[in-house]
Structure formats: structure tokens, C-alpha cells
Amino acid sequence: MAGRGAPGIKTRLRNRLMAGLVLVVPIWISVLLVGFVFGVMRDASLWIIEGLLTSPWTARYLEGVGVPVEAVAANGIGALPTAVRWMLGGISAMLTIGVIYALGVVTTNIVGRRIVRAAEAVVGRVPLVKTIYHASKQVLQTFVGESGQAFQRVVSAP
């Protein structure tokens, strides 16, 4: 029988399992989140890439890798070799980042701000959309910081 000062087998087992979970779960959540964000960014503009692949300009390239244009038209990029799919996924994600950057450029000028205010006024009149839009905007502003000041100082407890 174990002494009072020494932890039992069940306690050590539980503590070590919890320590392992504390290590693995945040890593796993991070991998899932990064995969989700990349997938969303890729899929947002993948339709453009697939449209370009079925154009006459790319038929020569597709023939070069042994893929008929009809297969791409029917199956999308799934008809392409794995390495090409990965490359096109990366290009698609970069295209999405470029579009988001361009929208940021437009939004930060005077005309863009007016357009955003007008769009937000319209969104503010739709009950469910208004709630979701404002909540998600508030969460993003907390992390990104509207003025670049988020998370820059410690708040002291009273």
C-alpha cells in the first residue's frame, strides 16, 4: 500500500494523461484551424482556377501532363496529378489573399469608407444578418484591432 505522501498509480496516470492532453490538444486545434482557414481561402477562388483550366489557353498544358480537358471540366482539379493540385491550391489561396488585400486598399480610402458605411447601413436593417455581422466584426476587431492597439497593454485588476 502506498504511503500518504506518494501519489498512487491512478493519480500519476491521470496527471500524465492530462499533461499529454494539455500538450497535444492545442497543437491539434491549431492544425485543424490552419487547415480550415487554408481550405476556405483556397476554395474561395478555386472556381477561377478551374475556369482557366478549361479554357483553350490551358489545353496544351493539360495535354502535356496527360489530362484531357474534358476530365477537368467534369471533375475539376481532382482530375489533375497530386502535385499540380497542391500547386493550384496554393495559387488559389494566394489569389484570395490578393483579393482581400485589394479590398483592404479600397476600404481604407475615402470612397471605400463611404461604400462600407452604406453597406453596413443596409446590413443593419436585416435582423438576423445584422446580429451575425456585428458580432463577427466585433470579434475580428478584438483580435486584429481597428486602430492597431489591440493587446498592447495589460489591464490591471481593481
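Engineer: For the overall build of the chain, give the residues involved together with the corresponding values.
Structural biologist: Assigned secondary structure in the chain consists of six helices and zero strands. Walking the chain from its N terminus toward its C terminus, one meets helices and strands in the order α-α-α-α-α-α. The buried share of the chain, taken over its 158 residues, is 15%. Considering only contacts within the chain whose residues lie at least 6 apart along the sequence, 41% involve residues at least 24 apart. Summed over all atoms, the accessible surface of the chain reaches about 12,700 Å², with 70% contributed by carbon and sulfur.

Engineer: A description of helix H1 (residues 9-53) should follow, citing residues and the corresponding values.
Structural biologist: Over its 45 residues, H1 runs 61 Å from end to end, which matches the ideal 66 Å to within 8%, given 1.5 Å per residue. All of the buried residues along H1 are Gly39, Ser45, Leu46, Ile49 and Leu53. Residues of H1 that are buried make contact with helix H2 (59-64), helix H3 (69-75) and helix H4 (82-107).

Engineer: Go over the side chain of serine 55 with me, naming the residues and quoting the values.
Structural biologist: Within the secondary structure, serine 55 sits in the loop between H1 and H2. A residue is classified by how much of its surface remains accessible, and serine 55, at 13% relative accessible area, is buried. A distance of 2.7 Å separates a polar atom in the side chain of serine 55 from the backbone oxygen of leucine 52.

Engineer: Just give me the short version of the nonpolar core, but keep the residues and values in it.
Structural biologist: If you look at the biggest cluster of nonpolar residues, it comprises ten residues: Leu46, Ile49, Leu53, Leu62, Val67, Val72, Ile77, Leu80, Val84 and Leu88. Counting only elements with at least two residues in this core, the list comes to H1 and H4. At three residues, H1 tops the list of elements feeding residues into this core. Apart from the residues within four sequence positions on either side, leucine 62 is in contact with Leu53, Val67, Val69, Val72 and Leu80.

Engineer: Please provide a residue-by-residue account of a nonpolar patch on the surface, values included.
Structural biologist: A grouping of Met18, Leu21, Leu23, Val24, Val25, Ile27, Trp28, Ile29, Val31 and Leu32 is seen on the molecular surface, where their side chains present a nonpolar patch of about 980 Å² in accessible area. With respect to the element layout, methionine 18 can be found in helix H1. The partly exposed category is assigned to methionine 18, whose relative accessible area is 46%.

Engineer: Tell me about the pattern of salt bridges, and please be specific about residues and values.
Structural biologist: This model, assessed by the stated rule, comprises two salt bridges. Arginine 42 is the partner of aspartate 43 in a salt bridge, and the nearest nitrogen-oxygen pair spans 2.9 Å. For aspartate 43, a relative accessible area of 43% puts it in the partly exposed group. Across the pair glutamate 120 and lysine 137 runs a salt bridge whose closest N-O atoms are separated by 2.4 Å. One end of the pair, glutamate 120, is in helix H5 (residues 110-123); the other, lysine 137, is in helix H6 (residues 127-144), and 17 residues separate them in sequence.

Thresholds applied
- Every chain's residues receive numbers from 1 upward, in the order its sequence appears when written.
- Reporting of local features is limited, given that this is a predicted model, to residues whose pLDDT is at least 70; pairs of side-chain atoms are given and counted only at 80 or more, and all residues count toward the totals for whole chains, interfaces and linings.
- Heavy atoms throughout the structure, all of them, feed into the side-chain values; hydrogens and water do not.
- Runs of E in the DSSP output that reach at least two residues are strands. Runs of H or I that reach at least four are helices, and both are numbered from the N terminus.
- When a residue's accessible area, from a 1.4 Å probe over protein chains only, is under 20% of the maximum for its type it is buried; when over 50% it is exposed; and in between it is partly exposed.
- Throughout, a contact is declared for two residues whenever any of their heavy atoms are within 4.5 Å.
- Here the accessible surface of atoms and residues is derived via Shrake-Rupley with a 1.4 Å probe, and residues count as covered only by protein chains that are part of the display.
- What a helix should span is 1.5 Å times the count of its residues minus one.
- Two N or O atoms count as a polar contact when they lie within 3.5 Å, although within protein this holds only if one can serve as hydrogen donor and the other as acceptor, and sequence-adjacent residues are included solely when both atoms are side-chain atoms.
- To define a nonpolar core, start from buried Ala, Val, Leu, Ile, Met, Phe, Trp, Tyr and Cys residues and group those joined through side-chain atoms within 4.5 Å.
- Surface patches are defined over residues having more than 30% relative accessible area and no salt bridge, joining like charges when they lie within 9 Å and nonpolar side chains (Val, Leu, Ile, Met, Phe, Trp, Tyr) when within 5 Å.
- A pair is scored as a salt bridge if a Lys or Arg side-chain nitrogen falls within 4 Å of a carboxyl oxygen belonging to Asp or Glu.

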